Amino acid sequence: MNLQEVAYELYRHQQEGRELEKITLRHDGLTVDQAYDIQRFNIDNALAAGDRLVGWKMGLTSKAKQVSVGVDEAIYGRLLHSMELFDSQLSLQGLIHPRVEPEIAFVMKHRLAGEDVTARDVWLATECVMPAVEVIDSRYRNFSFTLVDVVADNASSAKFLVADQAYSPYQFAWDQVGVVMKKNGEVMQTGAGAAVLGHPVRSVVELAHMLAREGEAIEPGMVVLTGGITEAIHLHAGDEVVVEFDGMGEIFVEVEG
Ligand code: OOG
Ligand code: MG
């Protein structure tokens, strides 16, 4: 099996917003390490085409998310400049079956690297913490995948939006922050920061450890999405989503169409 070929097929589907069958159906020997190689090849393709790496996302860090997709391990993906939204308008162009989820984002001021990174190191390295939402969009049919498939597909990354307002890392107990996600006026999901590995800071610790094994690091200025606090909800043209973060205001997503 040629990993570059598998990667390129997935890349075309990501670029064109076309779904495909799980790659593990045809390549059943693929390992998780090879899946991360595929993820990296495709990000390198995007960087060669002029995009920029702006951060990392953790995925499947909450029980609700693990149960809903049937994968019980945390994963990471890479965030590109082209994925970032700068206002509430979400175009469905190039998306297959998008879903949205509330997240807490860390923005770094110092480099974080190594298998011995602790929560203390994360606080020392963090510039600010921000409410965020992620729009995920698996390229696989019916959003159905194994661990290997989803890692290769850059952890279903599609779009993300961070709030305008940043907060001091010490202003809130991030595990106790409550979140309410409404769609078209109806409450769809509720949760608290503690859903993310007990405390979102642990997600950044875990990311640093996972990256250390690959010789990668969280660089200054990068954003880290720590993982969905609740299950993700489907988005369709005309939907209006409001995500309320306790004491921190709201993030709106208006789906164009
Ligand atoms: C995998 C991505 C999960 C999160 O925050 O847990 C994720 C998926 O559910 O498609 O982004
Ligand atoms: Mg997410």
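The structure contained in this document is the topic of the report that follows. In this text the structure is predicted, and so the values were computed from the model without any measurement.

Here the focus is the pairing of strand 2 (residues 75–80). Side chains on a regular strand alternate between the two faces of the sheet. For strand 2, a buried count of six out of six residues is recorded, marking the element as mostly surrounded by other parts of the structure. The alternating pattern of strand 2 places Ile75, Gly77 and Leu79 on one face and Tyr76, Arg78 and Leu80 on the opposite face, and all of these are buried. When strand 1 (residues 53–59) meets strand 2, the two strands line up antiparallel, connected through six bridges. Its bridge partner lying in strand 2, Leu53 is registered against Leu80.

Now for helix 2 (residues 32–48). Here helix 2 is 17 residues long and its end C-alpha atoms lie 24 Å apart, about the 24 Å a rise of 1.5 Å per residue gives. Along helix 2, the residues that are buried comprise Ala35, Tyr36, Ile38, Gln39, Phe41, Asn42, Ile43 and Ala46. Summarising the contacts, the buried residues of helix 2 are in contact with helix 1 (3–16), strand 1, strand 2, helix 5 (147–152) and helix 6 (200–213).

Bringing the nonpolar core into the picture now. Within the largest apolar cluster, 74 residues are counted, with the highest numbers of intra-cluster contacts made by Ile23, Ile38, Phe106 and Ile218. Broken down by element, this core gets its largest block of residues, seven residues, from helix 6. In this view, Ile23 contacts Val6, Leu10, Leu30, Ile38, Tyr140, Asp149 and Ala152; residues no more than four positions away in its chain are not counted. The next biggest cluster of nonpolar side chains, apart from the first, holds 16 residues, and it includes Ala46, Val54, Met130 and Leu225.

Now for the pairing of strand 5 (residues 126–136). Counting buried residues along strand 5, 10 of its 11 residues qualify, which places the element largely inside the surrounding structure. As paired elements, strand 4 (residues 99–108) and strand 5 share 10 bridges and run antiparallel to each other. Pairing of Met108 across the sheet is with Thr126, part of strand 5.

As a further point, take the packing of aromatic side chains. The full count for this structure, using the stated rule, is eight aromatic pairs. A centroid spacing of 5.8 Å and a plane angle of 80° characterise the contact between Trp56 and Tyr76, whose relative ring orientation is edge-to-face. Residue Trp56 is found in strand 1, and its partner Tyr76 is found in strand 2; the two are separated by 20 residues along the sequence. Given the relative accessible area of 2%, Tyr76 is considered buried. Here Trp123 and Tyr170 contribute two aromatic rings whose centre-to-centre distance is 6.1 Å and whose plane-to-plane angle is 50°, an arrangement assigned as tilted. In this pair, Trp123 sits in helix 4 (residues 119–125) while Tyr170 sits in the loop between strand 6 (157–162) and strand 7 (178–183), placing the two residues 47 residues apart along the sequence. With a relative accessible area of 59%, Tyr170 lands in the exposed category. When the ring centre of Phe143 is taken as origin, the NZ or CZ atom of Arg99, which lies over that ring, is 4.0 Å away.

Here we take up the environment of Val69. Assignment of secondary structure puts Val69 in helix 3 (residues 63–69). In the structure, Val69 is positioned 75 residues away from Ser144 in sequence and 7.2 Å away in space, judged by C-alpha atoms. Filtering out sequence-adjacent residues up to four positions away, Val69 remains in contact with Leu60 and Phe145.

Before going further, it helps to spend a moment on the site of ligand 1. Close contacts around ligand 1 come from 17 residues, with Lys57, Leu60, Glu101, Ser156 and Gly228 the closest. Between Lys65 and ligand 1, the recorded distance is 3.3 Å, taken from a side-chain N or O atom to an oxygen atom. Here an oxygen atom of ligand 1 and a backbone polar atom of Gly228 are 2.7 Å apart. Elements that contribute at least two residues to the shell around ligand 1 include exactly strand 1, helix 3, strand 4 and strand 5.

About the thresholds
Residues numbered from 1 in each chain as written. Chains lettered and ligands numbered in written order. Predicted model: local features only at pLDDT ≥ 70, side-chain atom pairs only at ≥ 80, totals over all residues. Heavy atoms only, no water. Buried < 20%, exposed > 50% of the residue type's maximum accessible area, 1.4 Å probe, protein only. Helix = DSSP H or I, 4+ residues; strand = E, 2+ residues; numbered from the N terminus. Pairing = 2+ DSSP bridges. Expected span 1.5 Å × (residues − 1). Contact = heavy atoms within 4.5 Å. Core = buried A, V, L, I, M, F, W, Y, C linked by side-chain atoms within 4.5 Å. Phe/Tyr/Trp six-rings, centres within 6.5 Å; stacked < 30°, edge-to-face > 60°. Lys NZ or Arg CZ within 6 Å of the ring centre and 35° of its normal. Near = heavy atom within 4 Å. Polar contact = N/O pair within 3.5 Å; in protein donor to acceptor, adjacent residues only side chain to side chain.

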